Amino acid sequence: MSTTKTDAQHGLTEHSHGGGSGIPQSSRGARFTSYDVEAFEVPGGREEDWRFTPMKRLKGLHDGTATATGNIKVEVTGDGATVETVGREDARIGNGGIPSDRIAAQAWSSFTEATIVTVPKDTKLEGPITVTVHGPGEGQVAFGHLQVRAEQFAEAVVVVDYRGSGTLGDNVEFVAGDGAQLRVVSVHDWADDATQASSEHAYLGRDAVFRHLAVTLGGDLVRVNTTITYGDKGGDAELLGLYFADAGQHLEHRMLVDHAVPNCRSNVLYKGALQGDAAHSVWIGDVLIRAAAEGTDTYELNRNLVLTEGARADSVPNLEIETGEIEGAGHASATGRFDDEQLFYLQARGIPQDQARRLVVRGFFGELLQKITVPEVRERLEAAIEAELAVVGA
């Protein structure tokens, strides 16, 4: 069951459940957190957190009209991890974080069973763990909850693979214990009709290392919120992203890296390509360095490559610093078309224009693809990008 605690100083209400802890309040990080759906107003689309999102295409996930009519199917393969299906009362649920918008709260209050994947203490897995999440099916709605835990000094690579059709609202928790190293690749490779609104909550213990690569290719609308919370000193988070939006697709990535403790590090790098009429990508990067977070080292970068007319990329990096005692902080964003000099250089050496364009895009994404340590996943994504580029050249 849930409990409610009142913060008299700020006049705010903080809800805790299963050992979770709310995100501290500040001007940038003052995202109200609650498990109660009704604690959040129904967004109308003009709010800062929603102004880029086509609300009608959320299919009722945001206003309560979407009710569960189906279920997701979760399959876990790989050796060395414990896989459990648990109920809402499990004390581990909430260790990663608390919902900060209405869809996340709706998903949290609507799921009936959660999947928890645990890598035991002092265990280094030789191969990857793959968690495949199948959508509820065309025209169906489902809510889900997944938690991936790497206990103290554990090391693991986990692939979370979203496939299929339907509408899904879900929460995903990544919990890295003290000294753990957790590497995650999340692949959103939905069918064309699918809608997903997902909130990812990552909690890093002392000296924990968290590496996350989000790959978003499929779906009609995919919106992913990622929040990083540091529990103690020495946490190291790297957030990478690769997305490719086609005609009519809306792919949205939002993140908050909340530096609330000293001597932690974060690095964010997202790259996207867009092609076709009404292809739309959104990237919002919030990094907050609180007054207590001395010694923080952080940087965030977003780059977008617009391949055709009619595509639009929105990119908003935000950096708020409340202390001058930091190692470094910065952000950058760039959106543009093909580099004419690169194309000219390649064509001058006898490479046809369509081939030259493909080489430029491959090089654009190459930095990220090289960081995927699971060969099968890397080859699959390379093939998917090649398929996208074939459309560009058509």
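Since this is a predicted model, take the numbers as computed values, not measurements.

What counts, and at which threshold
Counting of residues starts from 1 at the beginning of each chain's written sequence and follows it residue by residue. Whole-chain, interface and lining totals are the exception, using all residues; otherwise, since this is a predicted model, local features are given only for residues with pLDDT of at least 70 and side-chain atom pairs are given and counted only at 80 or more. Note that water and hydrogens are dropped before the side-chain values are worked out from all heavy atoms of the structure. One side-chain nitrogen of Lys or Arg within 4 Å of one carboxyl oxygen of Asp or Glu is enough to make a salt bridge. By the criteria applied, helices consist of DSSP H or I runs no shorter than four residues and strands consist of E runs no shorter than two, each listed in order from the N terminus. Residue exposure (1.4 Å probe, protein chains only): buried if accessible area is under 20% of the type maximum, exposed if over 50%, otherwise partly exposed. Every residue gets a pLDDT, meaning the predictor's confidence in that residue, from 0 to 100. What makes two residues a contact is simply this: any of their non-hydrogen atoms within 4.5 Å. The definition of a polar contact used here is a pair of N or O atoms within 3.5 Å, where within protein one atom must be able to donate a hydrogen and the other to accept one, and adjacent residues in sequence count solely through side-chain atom pairs. Strands are treated as partners if at least two bridges between them are detected by DSSP. Helix axes are fitted to C-alpha atoms over the stretch in contact, other axes to C-alpha atoms as well, and angles between N-to-C directions run from 0 to 180 degrees. To estimate the expected span of a helix, subtract one from its residue number and multiply by 1.5 Å. For Phe, Tyr and Trp, where Trp contributes only its six-membered ring, two rings pair if their centres lie within 6.5 Å, and the inter-plane angle classes them as stacked under 30 degrees, edge-to-face over 60, or tilted in between. The rule for a charge over a ring is simple: NZ of Lys or CZ of Arg within 6 Å of the ring centre, and within 35 degrees of the ring normal.

Engineer: Before we go on, may I ask you to explain the pattern of salt bridges in this structure?
Structural biologist: Between side chains of opposite charge, a pair can form when the charged atoms approach closely. This model, assessed by the stated rule, comprises 21 salt bridges. Linking R102 and E38 is a salt bridge whose minimum nitrogen-to-oxygen distance equals 3.5 Å. With R102 in helix α1 (residues 102-110) and E38 in the loop between β2 (12-16) and β3 (73-77), this pair connects stretches of sequence that are 64 residues apart. Exposure remark for E38: the relative accessible area of 61% places this residue in the exposed category. For the salt bridge of R254 with D49, the shortest nitrogen-to-oxygen distance reads 4.0 Å. Of this pair, R254 sits in strand β15 (residues 250-259) while D49 sits in the loop between β2 and β3, placing them 205 residues apart in sequence. Accessibility expressed as a relative area gives 6% for R254, which makes it buried. Taking relative accessible area as the criterion, D49 reaches 32% and is therefore assigned partly exposed. A cluster of three or more residues bridged by salt bridges with shared partners is formed by D49, R223, E252 and R254.

Engineer: Please explain the confidence of the model for the protein as it appears in this structure.
Structural biologist: Low pLDDT marks stretches whose predicted atomic positions should not be read closely. The predicted model of the protein has a mean per-residue pLDDT of 90, with 91% of residues at 70 or higher. Segment residues 1-27: pLDDT under 50, and 61 contacts once partners within four positions in sequence are set aside and those in other chains are kept.

Engineer: Help me understand α1, please; the structure alone is not making it clear to me.
Structural biologist: The periodicity of an α-helix, 3.6 residues per turn, causes residues three or four positions apart to be oriented the same way. Of all the nine residues making up α1, seven are buried; the element is thus mostly covered by neighbouring parts of the structure. Among all positions of α1, only R102, I103, A104, A105, Q106, A107 and W108 are buried. Those residues of α1 that are buried are in contact with β7 (141-150), β9 (167-176) and β11 (195-204). Capping of α1 at its N-terminal end is provided by D101; its side-chain oxygen lies 3.1 Å from the backbone amide nitrogen of I103.

Engineer: Where do I start with unusual backbone geometry in this structure?
Structural biologist: Among all residues except glycine, the phi angle is most often negative; among peptide bonds, the trans geometry is most common. Non-glycine residue F153 carries a positive phi angle of around 60 degrees. The residue F153 is located in the loop between β7 and β8 (155-163) in this model. Of the residues examined, F153 reaches a relative accessible area of 47% and is grouped as partly exposed. Phi at D207 is positive, roughly 60 degrees, even though this residue is not glycine. Checked against the element boundaries, D207 lands in the loop between β11 and β12 (209-216). Its relative accessible area of 46% is what places D207 among the partly exposed residues.

Engineer: Can you help me understand the sheet that holds strand β20 (residues 328-336) in this one?
Structural biologist: Sheet strands pair via backbone hydrogen bonds, and the direction of the pair is either parallel or antiparallel. If you trace the nine strands from one edge of the open sheet to the other, you get β3-β6-β8-β10-β12-β14-β16-β18-β20, paired in mixed fashion. Two strands in the sheet have a free side with no partner beyond their single neighbour: β3 and β20. With direction set aside, neighbouring strand axes in the sheet form an average angle of 10 degrees. In this structure, β8 lies alongside strand β10 (residues 181-188), joined through eight bridges in parallel fashion. Across the sheet, residue V159 finds its bridge partner in β10, namely V185.

Engineer: Even after reading the chapter, I still don't get helix α3 (residues 353-369), so can you show me in this structure?
Structural biologist: In a regular helix each residue adds 1.5 Å, so 17 residues correspond to 24 Å; α3 covers 24 Å between its end C-alpha atoms and thus fits that length. Considered for burial, the residues of α3 that qualify are A356, R357, V360, V361, F364, F365, G366, L368 and L369.

Engineer: What is the right way to look at the packing of aromatic side chains in this model?
Structural biologist: Centre-to-centre distance and the angle between the planes together describe a pair of aromatic rings. One pass over the structure, following the stated rule, counts six aromatic pairs. For the ring pair F174 and F210, a centre distance of 5.6 Å and an interplane angle of 40 degrees mean the geometry is tilted. Remark: F210 occurs in strand β12 and F174 occurs in strand β9; sequence separation between them is 36 residues. Each member of the pair, F174 together with F210, is buried. Taking 6.1 Å as the distance between ring centres and 45 degrees as the angle between the ring planes, the aromatic pair formed by F244 and F365 counts as tilted. With a gap of 121 residues between them, F244 in strand β14 (residues 236-245) and F365 in helix α3 connect regions that are remote in the sequence. Judged on exposure class, the residue F244 and its partner F365 are both buried. An aromatic cluster of at least three residues, connected via ring pairs, comprises F244, F364 and F365. Between R88 and the ring centre of F111, over which it is positioned, the NZ or CZ distance is 4.5 Å. A cation sits over an aromatic face here: K271 above F364, 5.1 Å from the ring centre.

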